[in-house]
Amino acid sequence: MDNIAGTRARLTWAVNLTAICLVVLWTIPTFGLLVSSFRNADQIASSGWWDALFATQSVDYKRAEGADAQVREGDTYVIAGDLLQDGKLSSWGISSRAPAAYQPGEVVDVDEGQQLTVQEDGSYRITSSNRFEGRRGMRIFLTTSVPPDFTLENYDRVVTAEGLGRAFLNTMTVTIPATVIPILVAAFAAYALAWMQFPGRAILVACVVGLLVVPLQVSLIPLLKLHNAIGLGKGYMGIWLAHTAFGLPLAIYLLRNYMVGLPKEVIESARVDGATEFQIFRRIILPLSFPALASFAIFQFLWVWNDLLVATVFLGNSQDQLVMTGVLRELLGSRGGDWEILAASAFISISVPLIVFFAMQKYLVRGLLAGSVKGG
Amino acid sequence: MEQFIYAAGTILVGVFACVTWFWGSNFILDSMYPARGAHAGRNIKRANLIRPWLFLGPALLILGTYLVYPVADSIWRSLHDADGAEWVGMANYRWLASDPKFRESILNNLMWLVVVPSLSTFFGLLVAQITDRLRWGSFAKSMIFMPMAISFVGAGVIWKFVYDYRGADQEQIGLLNALWTGMGFDPQTWLTLPFWNNFFLMAVLIWIQTGFAMVILSAALRGISEETIEAAILDGANPWQLFFRIKVPQIWGTIAVVWTTITIVVLKVFDIVFVMTNGQWGTQVLANFMYDWMFRGSPDYGRGSAIALVIMILVLPIMIWNIRNARREMN
């Protein structure tokens, strides 16, 4: 029932093609940086990353040995040697105007009675009926094909020398408590808002919905002042609290919506059986709410891990407090041209969210569908 | 290592404190008003009056301190001078009205508000529709959804590389310039092109947000009842009509939600501009402008707060709309 028979094949083609184009368009920027992170600085600066995927042709010239190296074989004089240490050449030539004029193995007349041949492995042989003269050997142009060459050097360097290893640990230190704490606080609040009767409940729910969209820019200056005033200053404690607070509205909103949908009978019968609210919460609500808890945990994890603004405001700029987004930002500012450093750093910083993303995509989608009123 | 012990310790202490609070306060409440004995009925009633606030307490405290109080404090600060010492009335706002950089930020933000939500929603809808029946559709969706997991800063690095510029005599290593010169034009420094550079920054956010729009809209498209679609096909609707006349009108509500959510993201957009141009070359936006005034050599918290409140005011209509919707759902 999908389409009318005649147009179907053409439409399927168009759909497939459009989808391929969009997927390529969406992945290619990331892919480009990923490829670059495995190339060294010279390679990045001299050619586009797309060249790195294929064998590249490089043209170079070498000098054959001079007349000193000639040996006599019968009535011909011969100079022989090897121009390449390793690799293969795809073509060669004897003038800079046509550096790739001949195929390997071809025998070429150079001048009066001299003949030159270069083999694929780089060995050459010049023969002449007369004695060679002159100390400088002949120039031979070689076109070699260099196979794709990738290195892990950049990663090694950024983790050890550029302080990214340290930043990785700092990011972990920020992210894990900032994900765990709001879940706990929000779960209790959500339970109260979903299953307890008390005056003002509707207003509180409305407040939470309202707070979902409060731009955190509004909070920055007052909280910076507040943290200084109460002696928290710039440190992990402050950023944990800040992230907890910024994540709470979404956590409460998501969890409450989920808990409201839990079967009423289970909770009622537990109450009748004399379970305390705390027991109901711990034995029934928490286990049943696992999908919602997981959704929020992923959200909060991604958001905290990827955050730059809150970290720059509430954490210091010293080595032992700088998170990965902060390091990236500094690298972009001070070493904007060092693409090998930037690319490797960026990939280390996005690797963890990407792993989480692909492993838990199901929960992320579910959370998005349930809570699509918050934005960043 | 020390740091990890500190972090792990804090998690433990935090979790322990939370649990102690919830469990302990409930325990005290239950022993003060035991649900048995002569006054069981009255006791339960009283305990149930107090208990919600025990559960809500920590959340309300944190929300109050970190989100509600700051709004009030920002209003107060915006009416004071740089360090909050002296009352200046509306001076900060008058300054805003006359500042060319502020005007630039507002105009840019409005441009972002028009372009980013519309294109993200458009691409999201497109992808949602065309991948729906594809055999490799879920792979395609994953790929387009992926940028959601990448930080704005990471995205900044990725796209700065795409926009990279080399002199005309060198080989271009940025994809865009490589294509551009491949078509026979001169290479461009995309991020400094007046006016157009804004759109190159917007592309980054569209790239990130399309996945979000796609996920939500794809669920909405699946939720459309088969009957209306079947009926339309029987009536001879072609695929275009089916999509624009039957499907889209049925998911207007969801499109609105997607649109407003992305609008909020756009209003707060900071990292992308911060790391890619830092507001130079005519690309300033409100959030970055505010950061500027907060952290420049001598911070001016009065002006910074005033800018933050402008963002807040722009968000306000959406906030009210959300609350209305939520209340309607609750009733």
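So, how was this worked out
- Residues numbered from 1 in each chain as written.
- Chains lettered and ligands numbered in written order.
- Predicted model: local features only at pLDDT ≥ 70, side-chain atom pairs only at ≥ 80, totals over all residues.
- Heavy atoms only, no water.
- Helix = DSSP H or I, 4+ residues; strand = E, 2+ residues; numbered from the N terminus.
- Rg over C-alpha atoms; globule rule 2.2 N^0.38 Å.
- Contact = heavy atoms within 4.5 Å.
- Areas by Shrake-Rupley, 256 points an atom, 1.4 Å probe, with all protein chains shown as cover.
- Lys, Arg positive; Asp, Glu negative; His and termini not counted.
- Charge placed at Lys NZ, Arg CZ, Asp CG, Glu CD.
- Salt bridge = Lys/Arg side-chain N within 4 Å of Asp/Glu carboxyl O.
- Buried < 20%, exposed > 50% of the residue type's maximum accessible area, 1.4 Å probe, protein only.
- Pairing = 2+ DSSP bridges.
- Axes fitted to C-alpha atoms, helices over the stretch in contact; angles between N-to-C directions.
- Buried area = accessible area lost by both parts, 1.4 Å probe.
- Polar contact = N/O pair within 3.5 Å; in protein donor to acceptor, adjacent residues only side chain to side chain.
- Nonpolar A, V, L, I, M, F, W, Y, C, P; charged D, E, K, R; others polar.
- Phe/Tyr/Trp six-rings, centres within 6.5 Å; stacked < 30°, edge-to-face > 60°.
- Expected span 1.5 Å × (residues − 1).
- Parallel < 35°, antiparallel > 145°, perpendicular 65-115°, else oblique.
- Left-handed = near helix turned anticlockwise from the far one by under 90°.
- Domains from an automatic or database assignment.

Asks: I'd like a rundown of the overall build of chain A, residues and numbers included.
Replies: Within chain A, the secondary structure is distributed over 14 helices and eight strands. Computed over the C-alpha atoms, the radius of gyration of chain A is 34 Å, more than 25% above the 21 Å expected from 2.2 N^0.38 for a compact globule of 376 residues. Its C-alpha atoms give chain A principal-axis dimensions of about 115 × 70 × 35 Å. Taking the contacts inside chain A whose residues are at least 6 apart along the sequence as the reference set, 72% of them involve residues at least 24 apart. Here chain A displays about 16,500 Å² of accessible surface, and carbon together with sulfur accounts for 57% of that area. For chain A, the separation between the mean place of its 28 positive charges and that of its 30 negative charges on side chains is 14 Å.

Asks: Would you mind going over the pattern of salt bridges in detail, with residue names and values included?
Replies: Residue and element names in this part refer to chain B. Here the structure, examined in full by the defined rule, presents seven salt bridges over all chains. Here Asp132 makes a salt bridge to Arg222, at a shortest N to O gap of 3.2 Å. Residue Asp132 is found in the loop between α4 (100-131) and α5 (137-145), and its partner Arg222 is found in helix α8 (residues 196-223); the two are separated by 90 residues along the sequence. The partly exposed category is assigned to Asp132, whose relative accessible area is 21%. Classification of Arg222 by relative accessible area gives exposed; the value is 56%. A salt bridge links Arg303 to Asp300, with the shortest nitrogen-to-oxygen separation between them at 3.7 Å. Under the relative-accessibility criterion, Asp300 is labelled buried at 12%.

Asks: Please provide a residue-by-residue account of the sheet that holds strand β3 (residues 76-82) of chain A, values included.
Replies: Each strand in a sheet pairs with its neighbour through backbone hydrogen bonds, running either in the same direction (parallel) or in the opposite one (antiparallel). All names here are of chain A. With antiparallel pairing, five strands are arranged side by side in an open sheet as β2-β3-β7-β6-β5. In this open sheet, the two strands that pair with only one neighbour each are β2 (71-73) and β5 (107-109). Neighbour-to-neighbour, the strand axes of the sheet open up by a mean angle of 30°, direction not taken into account. Of the pairings in the sheet, the one linking β3 to strand β7 (residues 123-128) comprises six bridges and is antiparallel in character.

Asks: Describe the interface of chain B and chain A, and please don't skip the residues or the numbers.
Replies: On the chain A side, the residues contacting the 107 residues of chain B number 116 residues. Of the roughly 10,100 Å² buried between chain B and chain A, counting both surfaces, carbon and sulfur atoms make up 79%. The tally of links between chain B and chain A comes to zero salt bridges. Counting across the chain B and chain A interface gives eight residue pairs in polar contact (both at pLDDT 80 or more). The element that contributes the greatest number of residues to the side of chain B that touches chain A is helix α2 (residues 40-78) of chain B, accounting for 21 residues. Here the residues of the side of chain B that touches chain A are counted per class, giving 77 nonpolar, 16 polar and 14 charged.

Asks: Please set out the side chain of B:Thr283 residue by residue, giving values where relevant.
Replies: Residues and elements named next belong to chain B. The residue Thr283 is located in the loop between α12 (271-276) and α13 (286-295) in this model. For Thr283, a relative accessible area of 0% gives the class buried. For Thr283, the side chain forms a polar contact with the side chain of Thr277, separated by 2.7 Å. A polar atom in the side chain of Thr283 sits 2.7 Å from the backbone oxygen of Gln280. Filtering out sequence-adjacent residues up to four positions away, Thr283 remains in contact with Glu104, Asn108, Asn197, Asn198, Leu201, Val273 and Thr277.

Asks: Which residues make up the packing of aromatic side chains, and what are the values?
Replies: Considering all chains together, one arrives at 40 aromatic pairs over all chains under this definition. Measuring from ring centre to ring centre gives 5.7 Å for A:Phe168 and A:Trp305, while their planes differ by 80°; the resulting arrangement is edge-to-face. Of this pair, A:Phe168 sits in helix α4 (residues 164-195) while A:Trp305 sits in helix α10 (residues 290-306), and the two are 137 residues apart along the sequence. Of the residues examined, A:Trp305 reaches a relative accessible area of 3% and is grouped as buried. Centre to centre, the rings of B:Trp159 and B:Tyr163 are 5.8 Å apart; their planes meet at 50°, and the pair counts as tilted.

Asks: Please set out helix α11 (residues 252-267) of chain B residue by residue, giving values where relevant.
Replies: When the terminal C-alpha atoms of α11(B) are compared, their 22 Å separation across 16 residues agrees well with the 22 Å that a helix rising 1.5 Å per residue should span. Of the residues making up α11(B), those classed as buried are B:Ile255, B:Val258, B:Thr260, B:Thr261, B:Ile262, B:Thr263, B:Ile264, B:Val265, B:Val266 and B:Leu267.

Asks: Talk me through the pairing of strand β6 (residues 115-118) of chain A; I want residue IDs and the actual numbers.
Replies: Residue and element names in this part refer to chain A. In this sheet, β6 lies alongside β5 in antiparallel orientation, the contact comprising three bridges. Paired with Asp109 across the bridge in β6 is Gln115. Taking the residues between adjacent antiparallel strands as the criterion, β5 and β6 are bridged by five residues, where Gly113 takes a positive phi near 75°. Two elements, β6 and β7, share four bridges in a ladder whose sense is antiparallel. Bridging across to β7, Leu116 finds its partner in Ile126. Once β6 ends, the chain turns through four residues before running back antiparallel as β7, passing Gly122 with a positive phi of about 100°.

Asks: Just give me the short version of the packing of α2(B) against helix α14 (residues 301-330) of chain B, but keep the residues and values in it.
Replies: All names here are of chain B. Contact pair α2 / α14: the axes reach a minimum separation of 7 Å and the direction vectors enclose 125°. Put simply, α2 runs oblique to α14. In terms of crossing hand, the pair formed by α2 and α14 is left-handed. Contact residues: α2 offers Ser74, Ile75, Arg77 and Ser78, while α14 offers Tyr301, Gly302, Ser305, Ala306 and Leu309.

Asks: A description of the domain arrangement of chain B should follow, citing residues and the corresponding values.
Replies: All names here are of chain B. Taken domain by domain, chain B consists of domain 1 (2-78) and domain 2 (93-330). Here domain 1 and domain 2 have C-alpha centroids that lie 39 Å from each other. If you look at the interface, domain 1 gives four residues, while domain 2 gives six residues. At the boundary of domain 1 with domain 2, total buried surface from both sides reaches about 460 Å², with 71% on carbon and sulfur atoms. On the domain 1 side of the contact with domain 2, Ser74, Arg77 and Ser78 bury the most area, a combined 77% of that side's loss. Applying the counting rule to domain 1 against domain 2 returns zero salt bridges. In this assembly, domain 1 and domain 2 are joined by one residue pair in polar contact (both at pLDDT 80 or more). Here the residues of the side of domain 1 that touches domain 2 are counted per class, giving one nonpolar, two polar and one charged.

Asks: So what about helix α6 (residues 152-162) of chain B? Which residues, and what values?
Replies: Within α6(B), nine of the 11 residues are buried, which leaves it mostly tucked inside the rest of the structure. Taken together, the buried positions of α6(B) are occupied by B:Val153, B:Gly154, B:Ala155, B:Gly156, B:Val157, B:Ile158, B:Trp159, B:Phe161 and B:Val162.

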